[in-house]
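A structural walkthrough
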Amino acid sequence: MSDPWIEYWSGRALPSLKATRERLLPLMRRPERTSPGEIADIVLRDPLLAAQVLRVANQRVRSGLAADVVSVESAVMLFGVAPFFERFCRGPTIDELMAGDPARLRAYRAAILEVRFAARLARDYAQRRFDARLDEVYIAALLQGISPLLALVAGLDPATPAPMPRVTELLASWRLPEAIIDLTRESGDGQARLNLQQAALRLAAALQLGWWQPQVQRELHAIAALLQQQEGAVWETATALMLSYATRDYAEAAAMPAARWLPMLPGSWPRPPAPAEAPAQALTPAKPAPLPVSPAAVPAARTVQPDPMVERLSALHHAGKERAPANQIMSLAVRALAEGLAMRRIVLALLTPDGLQLRARFCQGAGESDPIRRLEISLAPPTLFSRLLERPQCIRVEAPHRGEVKALLPPELLRQIGHDAFCAMSIFVHDKPLGILFADRITTISDGDYQQVRRVCQLTSQALSASAGRPGEH
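To start, this report covers the structure provided alongside it.

1. Some words on the overall build of the chain
Counting its regular elements, the chain contains 21 helices and 6 strands. By the burial criterion, 47% of the 474 residues in the chain qualify as buried. In the form shown here, the chain has an accessible surface area of approximately 23600 Å², with 55% of it arising from carbon and sulfur atoms.

Structural data, given as structure tokens:
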């Protein structure tokens, strides 16, 4: 809290847009018939209001077992619909605060549109990587763009300190979840998720200045490498969003979308003016630049071999969308672990109807005499597996087993699963535990492999929930 910019915003409420208030007004009139998801969809269009909601939710007094609130929908559920409206739909709006400064208000609205576009682009690329936590990706991108918005609001106060260069420290001071804060950092060695996020945000910023900018090519190349896809496919994702975004979000706005540059042919065009520059400066010729190459025409530098893991994750994702049968979904999950991660033994242990035991329903990679084929675990007294069934979660256990984890692996359980490194994750259908997916191997399980196991299990739960339909659906 030693930074003046952090101190300035520590106790100040973050204002919302008038348009957000107007969209929420009909829902305020019928709170008993309003779902948290409806509210979240509106709030997520307003970055400062989303930040305010998550800040308040995570700064609440919590017990030791209380979890971080990562999504706006979870925050609304925490507060309750009617109390949410009471807490967050009062006070002046941005439009009222900037009523006497129309130029500042136009700049604020334009900045909002750019932040939304960047967040959408980051989420679209994360989805192509089959990220199981797209809410985190979108919200982190949205919050990473609030610095210029805060600067425009703070500019109304002559006593405002100079803005800080990075938003990560500000979000940390608000006690936002680490999952969100980590995605706002500049880079991370070997962290493909973070590197993809930052490359997508840099690409979004570069596209606002024209597709021919050299940084556009650099970021397309970086994203293609992270997704293990052709640059042409990465560019198609960006252009599709640019065009759809221009027809929807910018339809009634005075700001100009990034898609405005797409019809321009390659050439020595002047560099577009920054938003803060006067319009007359746009007519000043810039120094001729080398003739750029259209990203759509960039040939593949090399043929990328298909990644078995990407293919298996894609199949799981598709199975969920198509509401495939449960046995097909589980078969895809096992193939992902076996072919994509070279796991040795893979076991699906299901809860018995009385909820008192876990029993092996399917096993791959174990010999006929292997005791894991007849895995049978009592859930009383508690073991590591019964802990996992409390909520959707995953654990990686290295060999040799140590500490608290070792205490939760009684001898009877170890006789069945052995002493090798393993991952285990609970599989849920909606909010009901189905069982445990267990996978082990003799070699060490790296951080990257562990994240892939988590992604497999999360996609499996999502696909099974989609296959089962909504709760109560027949």
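2. Re the environment of Gln458
Among the secondary structure elements, Gln458 is positioned in helix H21 (residues 447-468). The contacts of Gln458, once residues within four sequence positions are left out, are Ala132, Arg133 and Met425.

3. A look at helix H14 (residues 214-227)
A rise of 1.5 Å per residue sets the reference length of H14, with its 14 residues, at 20 Å; its end C-alpha atoms lie 20 Å apart and thus fit the reference within 8%. Against the buried residues of H14 lie helix H8 (102-128), helix H13 (192-207) and helix H15 (231-248). Following H14 by one or two positions, Gln228 has its phi on the positive side, about 55°.

4. A look at the side chain of Ser465
In this structure, Ser465 sits in helix H21. A polar atom in the side chain of Ser465 sits 2.9 Å from the backbone oxygen of Ser461. The residues contacting Ser465, other than those within four sequence positions of it, are Phe428, Val429 and His430.

5. A few points about the nonpolar core
Note that soluble globular proteins tend to have their nonpolar side chains buried in a common cluster. Within the largest apolar cluster, 93 residues are counted, with the highest numbers of intra-cluster contacts made by Trp9, Tyr108 and Tyr125. Element by element, the count of residues in this core is highest for H8, at 13 residues. Sequence-distant contacts of Tyr108, defined by excluding residues within four places in its chain, comprise Leu17, Leu48, Ile94, Met98, Leu149, Leu152 and Val153. In terms of nonpolar packing, the next biggest core, distinct from the first, is built from 34 residues, Ala336, Leu348, Val453 and Cys457 among them.

6. A look at the packing of helix H3 (residues 36-43) against helix H5 (residues 72-79)
Close contact between H3 and H5 brings their axes to 8 Å; oriented N to C, the two are set at 130°. With respect to H5, the axis of H3 lies oblique. The two elements H3 and H5 meet at a crossing, and its hand is right-handed. Facing H3, whose interface residues are Pro36, Gly37, Ile39, Ala40 and Val43, H5 presents Val72, Glu73, Val76 and Met77. In the contact of H3 with H5, the residues fall into 7 nonpolar, 1 polar and 1 charged.

7. As for the sheet that holds strand E3 (residues 376-378)
Ordered by their spatial adjacency, 6 strands build an open sheet running E3-E2-E1-E6-E5-E4, and the pairing between neighbours is antiparallel. Every other strand in the sheet has two partners, leaving E3 and strand E4 (394-397) as the edge strands with one partner each. Pairwise comparison of adjacent strand axes, ignoring direction, gives a mean angle of 20° for this sheet. As paired elements, strand E2 (residues 357-364) and E3 share 3 bridges and run antiparallel to each other.

8. What to know about empty space enclosed by the protein
Per the counting criterion, the structure on display carries 2 cavities of 30 Å³ or more. In this model, the largest cavity occupies a volume close to 40 Å³. As for the largest cavity, its lining consists of Ala122, Ala126, Arg129, Asp131, Val137, Arg193, Leu196 and Gln197. For the lining of the largest cavity, the elements supplying multiple residues, two or more each, are H8 and H13. Among the elements that take part in the lining of the largest cavity, H13 stands out by supplying 3 residues, more than any other. Taken together, the residues that form the lining of the largest cavity break down as 4 nonpolar, 1 polar and 3 charged.

9. Some words on the pairing of strand E1 (residues 345-351)
Along E1, 6 of the 7 residues are buried, which leaves the element largely enclosed by surrounding structure. The pairing of E1 with strand E6 (residues 432-441) spans 6 bridges and is classified as antiparallel. Each residue of the ladder has a partner; that of Leu350, found in E6, is Gly435. Here 6 bridges tie E1 to E2, and the two strands are oriented antiparallel to one another. From the neighbouring strand, Ile346 faces E2, where its bridge partner is Gln364. Hairpin geometry of E1 and E2 is characterised by an intervening segment of 5 residues between the two adjacent antiparallel strands and by a positive phi of about 75° at Gly355.

10. Structural notes on the pairing of E6
Summarising burial for E6: 7 of the 10 residues are buried, a large majority. Bridge count between strand E5 (residues 421-429) and E6: 9 bridges; the pairing is antiparallel. Within E6, the residue paired with Val429 across the bridge is Lys432. Hairpin connection from E5 to E6: 2 residues lie between these consecutive antiparallel strands, with His430 at a positive phi of about 60°.

11. A word on the environment of Trp235
Here Trp235 is to be found in helix H15. We classify Trp235 as buried; its relative accessible area is 6%. Expressed as a C-alpha distance, the spacing of Trp235 and His221, which sit 14 residues apart in the sequence, is 9.7 Å.

12. Notes on the packing of H13 against H14
Interaxial distance between H13 and H14 falls to 9 Å at its minimum, and their mutual angle equals 155°. Classified by the angle between their axes, H13 and H14 sit roughly antiparallel to one another. The handedness of the crossing between H13 and H14 is left-handed. Along the contact surface, H13 presents Ala192, Asn195, Leu196, Ala199, Ala200, Arg202, Leu203, Ala206 and Leu207, while H14 presents Gln215, Val216, Glu219, Leu220, Ile223, Leu226 and Leu227.

About the criteria used
- Residues numbered from 1 in each chain as written.
- Predicted model: local features only at pLDDT ≥ 70, side-chain atom pairs only at ≥ 80, totals over all residues.
- Heavy atoms only, no water.
- Helix = DSSP H or I, 4+ residues; strand = E, 2+ residues; numbered from the N terminus.
- Buried < 20%, exposed > 50% of the residue type's maximum accessible area, 1.4 Å probe, protein only.
- Areas by Shrake-Rupley, 256 points an atom, 1.4 Å probe, with all protein chains shown as cover.
- Contact = heavy atoms within 4.5 Å.
- Expected span 1.5 Å × (residues − 1).
- Polar contact = N/O pair within 3.5 Å; in protein donor to acceptor, adjacent residues only side chain to side chain.
- Core = buried A, V, L, I, M, F, W, Y, C linked by side-chain atoms within 4.5 Å.
- Axes fitted to C-alpha atoms, helices over the stretch in contact; angles between N-to-C directions.
- Parallel < 35°, antiparallel > 145°, perpendicular 65-115°, else oblique.
- Left-handed = near helix turned anticlockwise from the far one by under 90°.
- Nonpolar A, V, L, I, M, F, W, Y, C, P; charged D, E, K, R; others polar.
- Pairing = 2+ DSSP bridges.
- 1 Å grid on protein atoms, 1.4 Å probe; cavity = no way out; pocket = protein on both sides within 12 Å on 5 of 7 lines; lining within 4 Å.
- Points joined across faces, edges and corners; volume = space filled by probe spheres on them.

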